[in-house]
Each structure stands twice: as C-alpha cells, then as structure tokens.
Amino acid sequence: MSKNSFSPLRGAPVDHHEGGMHEEDEEEDDVFHIPPKPSLEMLKKWRKATLALNASRRFRYVLDLKNVEPVSSDPDKNGELVSRFRTVTHALRAVQRFKEAGARYTKKEDMDPPPEGFGIGTDQLVHLMQDQQTAVLEEQGGVETVAKQLRTDLEHGIDDDPAGVEKRKEAFGSNKIPTKPGKHFFVFVWEACHDTTLIILMACAVVSFATGMWVDGPKEGWYDGISIGIAVLLVIIVTATSDYRQSLQFRSLNDVKKNIQIEAIRGGRRCRISVFDIVVGDLVPVNIGDQVPADGLMVSGQSLTIDESSMTGESLPVHKDSKHPFLLSGCKVVDGYGTMLVTAVGTHTEWGQVMATLTEDNGEETPLQVRLNGAATFIGQIGLSVAILVFCILFIRFFVADFKGRDKKPSRVIKHIVEIFSIAVTIVVVAVPEGLPLAVTLTLAYSMRKMMADKSLVRHLAACETMGSATTICSDKTGTLTLNKMNVVKSWVAGQNMENDEAVKTINSETYNVLLAGVCQNSNGSVFDAKDGTEPEVSGSPTESAALSWGVKIGMDFDEIKHKTSIVHVETFNSRKKRAGVAVKLENGEIHAHWKGAAEMILESSSQWVDTDGSIKEMTPEKAKELENIIEGMAAASLRCIAFSFKLLDAKTVPKVEEELRDWQIPDSDLIFLAVIGIKDPCRPGVQEAVLRCQMAGVKVRMVTGDSVITAKAIATECGILSKEGVVVEGRDFRQWSKERMDRDLPRIDVMARSSPSDKLLLVKSLKERGEVVAVTGDGTNDAPALHEADVGLSMGISGTEVAKESSDIVILDDNFASIVKVVRWGRSVYANIQKFIQFQLTVNVTALVINFVTAVSSGSVPLTAVQLLWVNLIMDTLGALALATEPPTDDLMEKTPVGRKEPLITNIMWRNLFGQALYQIVVLLTLDFGGENILNLNYTGKSKSNDEETKNDEVRKTIIFNAFVFCQIFNEVNARRPEKKNIFEGLHKNFLFIGIIIVEIIFQFVIVQYLTRFASTTALTAKEWGICIAIGSVSWPLGFLVKFIPVPKKPIVNTRRIRINWKRKSRNLTKTLSSAMSRRSEDGEISKSKKGSLNGVLANQNRSTEVEMNAPATTPGAARLPEV
C-alpha cells in the first residue's frame, strides 16, 4: 500500500493528538430624559413633572407603573432579592411536588385513564415532565415506549392526517394558552370618568342644574345643567370608544406576535406549522436559537444545550442527552440541535400554567409620547394661567360692575358664579392639548396595523418613530439583499473542476463515498424521499439545503448513509471559525472527522489534498495558491464558497464516555482538503431600487456579511451599495482600527466582510457614538447583542431564530430589504402625522385662548359657552387626532433627509402656517364679536326664549361666531394634511376615514346649531347666515395657499428647544445650601463665611437661566425636556 493512497486503510494520516460632561449633567437634571430602557424611578419622575389635570386621558395608553415591581439600583441587593425569590419559589415547588408525588403513589388509580387509542394519559405525561426523573421515565419503558404509547414513529413522526391531528387535540389538549379577557368597554368608560376636568365640569353641571331649578323652576331651569352633563357624557363615550378600539387592535397584534412558525416532522417530511397546531406525539426539530415550543423528551440530538433559567432560575445552560432528555416549554436552545417528542402542550406544561396567570401589558412610553407630554405640560400651564385670569376678571367684573344692575337673589348670584367657573374650567379643557399623546397612540396603532400588511411586525412601539429618523441601515446579505434561494452552480472536487453534477460520480469511489458522508452527516438538514418518483424534499437552512440538494444530485442516499454511520460528536457552526464539524463512526469502527465551512478557512486548516486518482498529496504553497485562485474566481462571480475536508481519527483518542464527549473538541488542523462548491444566491428583484431610495432619502445602507471580501464586493456592487469612495473592510481588520482611523474611515464603510457578531456589535456602537441613528438586521442567536444595542433592531421572520426576534424591535416577516425601506417610510409617516396634528391643534389653542381672554377683559363675557367649547375640544382632540394621525404615508417622505437629533418638533413652516391661520381667525371672530350686529345687519328685536337680558341679535351673533369658529377648524383640518405642499387635496379622495370624520363633524355641527338650541345655547340660523359661516371658514384654504409663498429661514425662528427655566436646579441647589448652612449654624451658632459665600453664589446664580430642551427629536429617547412642575 503506497503512502499517498487515499483509502483510510492505505496510509491516510491518522491523528493521535488533538468609546461631554456638561451634557451628562443636563441629562441628570432633566426629568424628561428617558434612555431606551428607562428605570421605574425615571418613569415616575417624568410623570410627576407633567401637568396632567386629566391624567387618565394623558396616560391612558402607557405603562401602568403600579404593576411594575421597583428594582433597586444596588446590584447586590437585586441579586439578593432575586435569590430569595428563587429560593421561596423552589421551596413551594418542592412542597407541591411532594404532595403530588404522595397523591400519585397513594392514589394512582385515580388518574384519568388514557384516551381511546393511546396507551398513556395526560396525567401520567404531566407527572413525568414535572418529576424529570430518569427512573420514572424508565418505569414507563423509556422514550421508545412512550412514543409507541403515543402512536408516534420516532423517524417519521405522526401521520399528516388532519383528522388524526384533531383527535390528538381532543385527547391531550391544544397548544394554546388561555389569556385573560381584555377590559370591557364599560371599564374604559369608567376610566374616562376619572378625568379631573370632566369631574369638575360634572360638579358644575350638578350645581347649575340645582340653581337653575331653584331660580327658573322645573320647566326652564334644567337646560343649562343637563346640557353640560350631556356634553361631558359625549366626551366620555367618544374617549372610551377610541380607547376600546385601540385595545382590541393591540390585542390582535399580540396574538400575531405569539403565532410562531416552527417545523414538525409528520409523515416523514418536515413541514412548517403554527406553534398553536403542535399536538402531543409530534416530532419537533430544535436548533440553536429556537424556543422549545412544548414539554417533551429528546429523541436524538448532538451537543444540545438548553437555557432553563426562565423555568428553574439556574443561570448555567443544561446539556441534554439520553440520561437527561427532559425539555421544558419556553426554554431556549443555546447550542446544538436535536429532535424532541412532544408530551404536553398548552396549560399542561409548566410554562403554560405560568403564562396563563399573566396579563399581556401593552403599556410602553415612546420617546415621542414623552416629548408631547412635555409640550402638553408647557401649553397647559399657559392655558391654566389664562383660565385663572379669565375667571378672576369675570368674577371681579360681575361684583364690581354688573352686579349693581342684576337681580341680587343668592340663587342668581350662585348660578352666575357657576357659569363663570364652568367657562374657566372649559378653557382649561380646550387649552390643555391632551390629544397630543393620544395622537401618538392612534398613529402608532394605525401604522402597526398597516405595517403588518407590508410584512413588518412591530414588537416595540418606539421603533416606529425611531426608524423614521434612521441615518444608516446595517443589513445582512443572505436572505435580505438576496433571495435566500441557494443552489450549487460550480464545484471543484478532488483536483478538478466539475463541468456538471454527473461528472462528480466519475471520481475515485472511495473519495466519492467520503464526500457523500461529509455532505450528509455534517448537516442539520434532512432529505425526504417520497418514493413515488417525485423530487426529494430537502429541508434545513438555505445553505444546508443547497449542499444537500447538490449531494442528492450527485447520487447521495441520505437515509442509507445515516443508517450505515453513526454520529459520535458534533461541533455546530461557529461564527468565529466559520465552520462546523462532525465525528462519524463507520460500520468497520473507524472514525472520520468531517469539516465544512468558509472555503478560505478550511483551506488554511488543510495540510493535504485529494487528487483525481484518490491519492493524498501535500498542500504545497503553489497548490494552496491555485486553490485560492479557484475560490476567488467563484467569489468574484457572487458565489458563496463552501469547502469540505476530512481527517482520520485514532479511535483510542476519542472519548467513550458521554460526559467526556461534551468537552471534547474535534481536531480541526492538518485536514485533507476534499472539495469546494460555489453557491449562487441571486439578488432580490427590486433591491437595487430600494437601496437607491434609501440613499436618496439620506439613509446610508451598509452590508454586513460573513462571506468573503470578494463575494461581498460583488453582491454589494450588484445591489448598488458599494460606491466609488466606499471602504470594504474585513471584521478582523476592523477590530484593530485605532480611534483616529475609526473617525476617518467609519463614515465611508460600505461593506464589512467576514464579520462576526462581535464585529457587528462594535460597528453599531461606533456609529451610535458618532451621532448616527442605527438600524441593524440580524437572524442568528449571536446577533442578539447588536440587535439590542441598535436604535432599531430588525430580525428576520423566516430565517431568524426566536432569540434574535425577542431581541429585536421589528420582525421583517418576508426577510426582504424592500420591507425595511417600507418601515422607514412608515416611521417618517408617524413623525409627519404628529406634526400635522400639532399644527392643527395649536391653531385651535391659540385662537380659543386669545378670543376668550380678549372678550373677557373687554366685555366681561365670552362668546363661547362651556358646551360649545366641549364640542370644539371633541373635534380638536379625539376626532382631529383620528383624522390626521391616520394619514397614509406619501412618496415625498422619502425625498427628505432624516429628522436630525436637534431639529425642533415644530418647524418654521409649521409656525408660519399656524400663525397665519390663527391670526386670521382671531381678527375675524373678534370683529364679529365687537361689531357683528352692524356688519351682519342684524335687525331682530324682542326677547329670546331664554328670558334673560340678551336680545335675539346677540344670540344670532354668538351663534354665528361659534359656527364660524367650528368651520374654520374643519377647513383648517384639511389644510393641516399638507403643511408644506400647496396642493392640500392630494390623496384626499383615497382617505375615506378623513372624509368620513369631516362629514360627521359637519352633520353634528348642523344638528347642534339648528336643533339643539337649548343644549348648546344657540339659535337656528338662516341659509344666508350658514353661507356666511361657511364662507368665513373656507377662506382658510386660499389663505393657506398664499401663506405658503412666504419664505422661512432654515434656522428656527421660534426656538422652542431652549426655554430658559431655572426652577428645578436653582431650588435644588438652594435647598442643599440652606440645609447645609442651617446645620452648620446649629453647631457653631453662625454661618461660616465660606457658607455665606456659597449661599451668595447660589442666590447670584438665580439670575442665570438653565437651558432645557423641550422639542428634541422624536428619535432621541427621552429627548423631550421640561422643568419639573
């Protein structure tokens, strides 16, 4: 036998060995600075700092802090608490199991009998999994016997028969965990009734009703009080209806999140089914990164390691083998792969019993909500001040001027004071823009629902906002930029390039058999041969499927090789080494080590290669260079290069004991290079256009891949990612970059090749440190840190593991880069819709406040009553938010650059539009208030039905003012759709919800004015007067068109980002200094000079103002900044 012969028996080598201090201070002082994952104390802090007269409306859809357990900032204390909690839990669990064990052995006959057709019942299976004792399993006869009792074939699974599956669901239950029913509609009604301002108004209604009945009698005296009460009730019903609908939408989205697609073996083939469709007896493959979908027993597997911390509290992963085959639902697979036999589903699992007691919590503060709560606080302070001022003016004027000529009966006086107080409270209701946070909830819920249709599942609300301001997207290549439909198009086997697959069969027979064994055994995929002449079905990851499909084409019999050889040990794919290995025992007792992975990595580890005749030759530098050229040639053609190598092992060096095999590493040096294949994964259609759209929108797309530099360059060029000035870097080189190199070249990086998860994490951190808003994609378990670190983590719905999905913010259901671009578009739409609503609402705020204040000061009365203001508030808050927050995204959103971190929420364009409309409304309505009778030529005389001192002329004038004011808001609502564009009607015909809301508002306004005269303190208007009101409102459209010709500077005119308020810091410093001074004085009898100096310094600093950011961008977590109230 020659030394260079290939055959293992003829001398094949045998192995006998084996990155601003001042900004930080401001953030500490700023109660509205909220990091991505804020602490409980910080969330409480900003809520206390928010003026929320009607807090249940302001915070009706955010996190319920009462249900959040406080966590100490001391890690030792936290660890002690967690330890004590786990100790108590395990103690209770032990007691319960002791009781169950006693009951089981004393009353075994009380267990439910096995269902018809099965040899084991639910009770026995549940107790088997609860005990997790191998001895108990052996009493049942082991895994094989349990499978027989469940009528399961351990190779082919259960029959793929719908009737049989349904029978198993009836016998053992379904894999659905019952959830607690959501809040009933009347609960939302009850919560809406807790609004402070509405409670005050209801009290006013009661007092007004009582005084009215006292003064005017039952026939006329009930109108005012009942009118206010009905108006408040209407607000409550509309608010509760809106909240109830949002809760239903979020519950439906939660159901989608839980509906995970997994693989199950039925009838011998792997099929993807919903996790809810798993039944007892199913065979379920589990791989690294998966979540165990049900309780079960491991049938087979290699290096299967489970993280059971969610169930047992043990932080160390648990290795599973034949001695410890128990798998618990809800646990994560951290390494290896295997197949499990499902023994319990749904509430029969321990995980299901725990989850059935929990309530899904949708509460979550988003950065934009926090910012708008801060803005609402600031505007609310102004509104509250105006309301108090109006009340004081009307109150004083009543007693000083009007009281002399009025009826001085106590009942009349009380009634008038109640009217004044009601007007003041209603001004607060209108002035405080509670609709701002509501608009965020509405637009987020609407966007999430629509994004589902665009193949994007939002897991965290804040990601919708943040994605709209993303400045860079770090995208994977495989499956995202490419189709993820791989097939082998080139191959080099045993010293020669293969023209086609049939040519591989002509190589040396022994080389051929070793190659097939390596392809078959070094894979976690499978091949199902239908035996009916159809093509075999290949399952597994795209790369595994491509390799197995190639093996089938060159004559591999998957089942035969699996039965003839047995796996000794497996090393799963390692993202650092870029390869996977398996040790296989042959029928003759020999052990082969097979390695598969990145071609250049395998080549580096190879010291020999197999020639055409099967002889083994030394890997000379010349031959290594030749193989490098072959690999580079394939890579240049955009092919993923996978190499195969093997090595003979000395059986004596391989551990025999299972415990020793866990720590044993398969030798990976001095390998024999066998073959290399080139896998083609074509680019997705339209990906080049999607990348171009991102670039035009100011979003830089970077490709992060584990492929070689040459392959990465070719794909990046094809996708349009790689620019002329772009930098291509390997992960190992990127790790070594200095800070200077990082600052210089990081912005120019287009492609990172041969990257590991740690390289991706470093890239994300480096980009964020330099002010980028980073979105990153990931699909593997090791991508979890980068997904968590990024501003927005995007996991893949098809190829992504459950660990990656749980670490992400958005799941891309079709793994398509074009869907990511749609997410950016929707994110920008969220921000744009909020800006539209802000412009609309602030116009109403400014107009209502100025009109009420001016008329109160000048005439002692206000033109708008409490009921009328409540109707305006309903239009402005709930209906306005619903109309403007649900505007679909427009194409021009992707023509703008991302919103910068320091750009104000209210832009110069918005200020221009806002003041233009508000100024017009104020001038026109005040003109009607002071000279309306002459201008409108009102000639009515006589007393009105109200029998008070106002004439019919005054009633008509006030009704026209109210009607014109409402129509100004309705017309301006259309204006607000397009703050920048002159064509405000663009896309209006497609938005049926907006049109419907406008129609409803007009109908209700007509009914209120014409028919509910008593209720709304109005009088019926003539057609001419209606025409006047509509004409006044319609001027908003041409006015808005003309106003948009006024140029505005890019630099903010009204810089709401810097509001000079020093209350918080000054009071804190003053308190500290005074307490320190008083303490020293009590000790020494006097304040030292140094303390006096310090105190004087603090007092002097009171003249300085602290800059507090109010309108930081939506994408910066916690960017809304206001002083603590």
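Refer to the preceding data block for the structure.
Residues numbered from 1 in each chain as written. Predicted model: local features only at pLDDT ≥ 70, side-chain atom pairs only at ≥ 80, totals over all residues. Heavy atoms only, no water.

J.: Got a minute to help me understand the nonpolar core in this structure?
T.: Grouped together as the largest cluster of nonpolar side chains are 129 residues, with contacts concentrated most on Met467, Ile473, Ile810 and Phe817. The biggest single contributor to this core is helix α31 (residues 817–859), with 18 residues. Each residue touching Ile473, except ones within four places of it in the same chain, is listed here: Met467, Cys694, Val699, Lys700, Val701, Arg702, Ala775, Phe817, Ile820 and Val824. (Core = buried A, V, L, I, M, F, W, Y, C linked by side-chain atoms within 4.5 Å. Buried < 20%, exposed > 50% of the residue type's maximum accessible area, 1.4 Å probe, protein only. Helix = DSSP H or I, 4+ residues; strand = E, 2+ residues; numbered from the N terminus. Contact = heavy atoms within 4.5 Å.)

J.: Looking at this structure, how should I read the side chain of Thr152?
T.: Topologically, Thr152 is positioned in the loop between α7 (142–149) and α8 (162–172). Classification of Thr152 by relative accessible area gives buried; the value is 8%. What Thr152 contacts, discounting residues up to four positions off in sequence, is Ala147, Gly157, Ile158, Arg168, Gly281, Leu283 and Leu341.

J.: Please explain unusual backbone geometry as it appears in this structure.
T.: Backbone geometry follows two general trends: most residues other than glycine have a negative phi, and most peptide bonds adopt the trans configuration. Here the phi dihedral of Arg151 falls at roughly 60°; this positive angle occurs in a residue that is not glycine. Looking at the secondary structure, you find Arg151 in the loop between α7 and α8. Look at Arg151 and you get partly exposed, because its relative accessible area is 48%.

J.: Even after reading the chapter, I still don't get the packing of helix α33 (residues 908–936) against helix α38 (residues 1036–1043), so can you show me in this structure?
T.: In helix packing, the relevant descriptors are the interaxial angle and the interaxial distance, both defined with respect to the helix axes. At their nearest, the axes of α33 and α38 sit 10 Å apart, and the two run at 140° to each other. As judged from the angle between their axes, α33 and α38 are oblique. For the crossing formed where α33 meets α38, the hand is right-handed. Counting all contacts with α33, which are made through Arg912, Asn913, Gly916, Gln917 and Tyr920, the residues of α38 involved are Ser1036, Leu1039, Gly1040 and Val1043. (Axes fitted to C-alpha atoms, helices over the stretch in contact; angles between N-to-C directions. Parallel < 35°, antiparallel > 145°, perpendicular 65-115°, else oblique. Left-handed = near helix turned anticlockwise from the far one by under 90°.)

J.: Quick question: what am I supposed to make of the side chain of Ser475 here?
T.: As for its position among the elements, Ser475 is in strand β10 (residues 472–475). Looking at Ser475, the relative accessible area reads 0%, which means it is buried. If we ignore the near neighbours within four places in the chain, the residues touching Ser475 are Thr480, Leu481, Arg702, Met703, Val704, Thr777 and Phe817.

J.: Would you explain a nonpolar patch on the surface in this entry?
T.: There is a patch of nonpolar side chains on the surface, built from Ile999, Ile1003, Phe1006, Val1007, Tyr1011 and Leu1012 and spanning about 550 Å² of accessible area. Positionally, Tyr1011 belongs in the loop between α35 (992–1010) and α36 (1013–1016). (Patch = residues over 30% accessible without salt bridge, like charges linked within 9 Å, V, L, I, M, F, W, Y side chains within 5 Å. Areas by Shrake-Rupley, 256 points an atom, 1.4 Å probe, with all protein chains shown as cover. Salt bridge = Lys/Arg side-chain N within 4 Å of Asp/Glu carboxyl O.)

Honestly, it's all geometry; don't read function into it.
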